[in-house]
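# What the coordinates show
Each chain is listed here by its residues.
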Amino acid sequence: MTEPVLATHGLTKRFGAVTACEGVSLDLRPGEIHAVIGPNGAGKSTLIGQICGGIAPDNGTVSFLGRDVTGLSTAARARMGMGRTFQISALAMEDTVLQNAVLGAVGARGGAFSLFRRALADSDLRQRATAALERVGLADHAATRTAELSHGQRRQLEVAVALTLAPRAFVMDEPMAGMGSEGSKRMTAFLDELRAEAPILLVEHDMDAVFALADRLSVLVYGRVIASGTVEEIRADARVRAAYLGESA
Amino acid sequence: MKREMLINAALMAGLLVVPLWAWAVDEPFTITLATRVAILALAAVGLNIALGIGGLVSLGHAAFFGIGGYAMGILASHAQTYDPIMQWPLLVEGTKVMPVIWIVAVLAAALAALVIGALSLRTSGVYFIMITLAFGQMLYFFAISWPAYGGEDGLSIYVRNDFPLLNTLDPIQFFAICFALLALALWFSARLAASPFGLALNAARQTPQRVEAVGLSPFRLRLAAFVLSGAITGLAGALFADLNRFVSPVMFSWQTSGEIIVFIILGGVGRLYGPVAGAALFITLEHFLGEVSDYWHIFLGLLLLAVVLFARGGVIGTLAGRKVAHD
Ligand SMILES: Nc1ncnc2c1ncn2[C@@H]1O[C@H](COP(=O)(O)OP(=O)(O)O)[C@@H](O)[C@H]1O
Ligand SMILES: [Mg+2]
């Protein structure tokens with residue numbers, strides 16, 4: 001078996017009386033999409049926050065590229081190659097689409113301590129940004145203010161910014177949330193190919209997308225992983241059907 | 001964008017023409033008013049880097065303004081009494097040379113901004129405002145209780161400091177120095193805003209999580225911005241002291257910090273030339289309304305209220321329309 005790129009070991013996080021994550025251990029291997037599903041409030045975003053930094057676990061560790069990163073900042077993890085997209089788009093709304101993508105390229109370069117050169121006149125930064133926008137189909141909107149994008153386009157831009165980092169692993173929190181079925185389909189096709197570049201830990205509500213994409217699935221309920229396996233195994237799992245998929249069979 | 005550039009150019013032209021006209025008709029007081037505008041605008045250009053781009057509402061920039069002022073006061077007072085500032089471990093003497101005074105003022109203000117920023121940037125929002133205010137007040141009370149340099153009464157300098165090849169006692173020549181420094185600072189902030197650093201700082205104001213997720217530290221970006229910001233305001237402080245040939249703890253007061261913010265709000269938050277428009281409007285109002293009524297601050301308050309409620313882009317925003325994301 002190949003070494004996992006990313007792994008969590010017994011992550012536990014409590015918010016007062018609420019246990020958002022309890023002993024969550026899962027891993028992400030090269031070339032795969034590992035989907036995490038679960039009802040609202042199951043602790044999926046809390047899990048991602050602990051993986052990417054920003055939420056410190058009460059217990060457990062996160063390892064990335066063979067290194068324990070539990071004590072590292074979000075920025076340090078990103079510099080190692082963790083490419084994150086947010087459930088609620090975190091973009092600079094006043095800036096143009098291109099500027100948002102260039103921000104990713106500035107991060108990929110490792111620092112923003114160039115005070116004099118114009119960012120948008122820097123051909124390196126610009127090329128990297130434009131290439132990412134082209135891949136998600138936003139190149140024509142480069143000069144548009146981000147606030148004027150449709151919801152679906154913002155989701156695409158989220159992915160484009162992560163692409164500029166050329167990450168070693170993607171961690172995506174509901175990239176298809178709120179997209180129309182057409183947009184969802186295109187994003188599904190895109191992620192399908194993206195996994196060859198870097199594996200994807202995918203939190204998603206859209207079941208069609210999850211079943212179409214996932215190599216492996218983990219089901220989170222009340223902060224615990226109640227089942228983990230291939231799509232077929234999960235579909236057949238009685239506990240999962242009771243707890244989450246609903247009794248339709 | 002085009003339109004905003006025209007307005008900016010007109011503003012600078014106006015700030016140049018008024019004192020030149022005053023010089024031609026021999027009205028030195030008007031030249032002094034224009035010099036005040038240039039210097040106070042410079043102080044606000046400094047704050048605008050932190051506030052306009054970085055979203056850091058510092059109510060403590062008087063600290064840097066005052067440090068710049070006292071840098072000038074201390075250096076010049078030692079120079080005029082031929083009494084060295086210290087003799088051991090190395091001899092440090094006062095100076096009346098402006099460029100040297102400016103370098104000391106800028107470095108001292110930058111160092112103070114590094115310390116104050118490192119401590120206060122751990123907080124945000126109202127806490128940040130309160131902590132920066134507290135640091136400003138600390139320096140204010142320190143200056144009051146420091147008898148070596150005049151305490152509450154402040155320090156007077158007999159003659160204005162020197163600049164190579166110029167006669168600084170001639171109001172128009174001193175104005176030229178201040179105007180040139182203002183233009184330089186504006187050029188610097190324009191470059192800064194368009195640089196990768198400016199892009200990231202501007203993004204950190206809007207969405208810090210995103211900035212972290214691309215591997216940059218919002219804290220470091222803000223700290224660097226705060227230091228640059230404090231340094232420029234410090235330079236303005238040194239010029240202001242030289243204009244008045246006088247420094248006092250008032251430069252450190254929270255009212256001073258408030259006025260610098262007012263210039264930015266009046267001119268338009270996040271507008272590069274907002275500080276120039278704001279300072280010009282403020283000094284003009286102070287001059288004309290001040291003659292009419294001692295309570296002119298009430299009018300200023302009403303005007304501020306109107307800007308905040310109805311014209312959020314301030315003078316520049318009202319004239320130039322919505323801010324265009326620069327390409
Ligand atoms: N910062 C927080 N403070 C208190 N409770 C929180 C916080 N974040 C999440 N929770 C709680 O933890 C649980 C898991 O939330 P979350 O991770 O957002 O779930 P999901 O993303 O699966 O919908 C929920 O009960 C939520 O109310
Ligand atoms: Mg969530």
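To be clear, the structure that these remarks concern was listed above.
Residue positions are counted from 1 within each chain, in the order its sequence is given. Starting at A for chains and at 1 for ligands, labels are handed out in the order in which the entities are written. Whole-chain, interface and lining totals are the exception, using all residues; otherwise, since this is a predicted model, local features are given only for residues with pLDDT of at least 70 and side-chain atom pairs are given and counted only at 80 or more. Derived side-chain values reflect all non-hydrogen atoms in the structure, with water molecules and hydrogen atoms excluded from consideration.

## Here's the deal with the overall build of chain A
Assigned secondary structure in chain A consists of nine helices and 10 strands. In terms of C-alpha radius of gyration, chain A reaches 18 Å, essentially the compact-globule figure of 18 Å for 249 residues. Overall, the C-alpha framework of chain A stretches about 60 × 40 × 40 Å when taken along its three principal axes. The buried share of chain A, taken over its 249 residues, is 56%. Secondary structure elements follow DSSP: runs of H or I no shorter than four residues count as helices, runs of E no shorter than two count as strands, and numbering proceeds from the N terminus. C-alpha atoms define the radius of gyration in this analysis, and the globule rule sets the expected value at 2.2 Å times the number of residues to the power 0.38. Classification of residues uses two cut-offs on accessible area relative to the type maximum, computed with a 1.4 Å probe and protein chains only: under 20% is buried, over 50% is exposed, and between them is partly exposed.

## A word on the interface of chain B and chain A
In this description, contact between two residues means that some pair of their heavy atoms is separated by no more than 4.5 Å. Opposite the 32 residues of chain B that make contact, chain A presents 39 residues. Interface of chain B and chain A: buried area, both sides summed, is about 3100 Å²; carbon and sulfur atoms make up 62% of it. We define a salt bridge as a side-chain nitrogen of Lys or Arg found within 4 Å of a carboxyl oxygen belonging to Asp or Glu. Here chain B is connected to chain A by two salt bridges. N or O atoms closer than or at 3.5 Å make up a polar contact, with two conditions inside protein: a donor-capable atom paired with an acceptor-capable one, and, for residues adjacent in sequence, both atoms drawn from side chains. For the pair chain B and chain A, the interface holds nine residue pairs in polar contact (both at pLDDT 80 or more). Of all the secondary structure elements, the ones that give two or more residues to the side of chain B that touches chain A are helix H6 (171-194), helix H7 (196-206), helix H8 (208-213) and helix H9 (218-244) of chain B. Accessible area, probed at 1.4 Å, shrinks when two parts are joined; the buried area is that loss added up over both.

## Let's talk about the coordination of the magnesium ion (ligand 2)
Residue and element names in this part refer to chain A. In this analysis a donor is any N, O or S atom within 2.8 Å of a metal ion (3.2 Å for sodium, potassium and calcium), and since water is not included, sites may seem incomplete. Bound to the magnesium ion (ligand 2) on the protein side are Ser45 (OG) and Gln87 (OE1), at distances that span 2.1 to 2.4 Å. Here Ser45, found in helix H1 (residues 44-52), pairs with Gln87, found in the loop between strand E6 (82-85) and helix H3 (97-109); they are 42 residues apart in sequence, far enough to count as distant. Its relative accessible area of 33% is what places Ser45 among the partly exposed residues. Accessibility expressed as a relative area gives 31% for Gln87, which makes it partly exposed.

## A look at the site of ligand 1
Residues and elements named next belong to chain A. In these notes, residues near a molecule or strand are those with any non-hydrogen atom within 4 Å of it. Surveying the vicinity of ligand 1 reveals the residues Phe15, Val18, Ala20, Pro39, Asn40, Gly41, Ala42, Gly43, Lys44, Ser45 and Thr46. With respect to ligand 1, the backbone of Ala42 contributes an N or O atom lying 3.2 Å from an oxygen atom. Here ligand 1 has 560 Å² of accessible area as a free molecule, and 58% of this is covered by the chains. Put simply, the parts of the chain that give the shell around ligand 1 at least two residues each are strand E2 (18-28) and H1. The greatest single-element share of the shell around ligand 1, amounting to three residues, is contributed by H1. For accessible areas, the Shrake-Rupley method is used with a probe of radius 1.4 Å. Any residue's cover is judged against the shown protein chains and nothing else.

## Structural notes on the sheet that holds strand E9 (residues 216-221) of chain A
Residue and element names in this part refer to chain A. The six strands are arranged E6-E7-E8-E3-E9-E10 in an open sheet whose pairing can be described as mixed. Edge positions in the sheet fall to E6 and strand E10 (224-229), since each has one partner strand and no second. When strand polarity is set aside, the average angle formed by the axes of neighbouring strands in this sheet is 15°. Think of it this way: DSSP has to see at least two bridges between two strands before they count as a pair. Bridging between strand E3 (residues 33-37) and E9 involves four bridges; their strand directions are parallel. By the bridge assignment, Ile37 is partnered in E9 with Val219. Along the sheet, helix H5 (residues 151-164) makes contact with E6 and strand E7 (169-173), crossing E6 at roughly 170°. The axes used here are C-alpha line fits, helices contributing only the stretch in contact, and every angle between their N-to-C directions lies in the interval 0 to 180 degrees.

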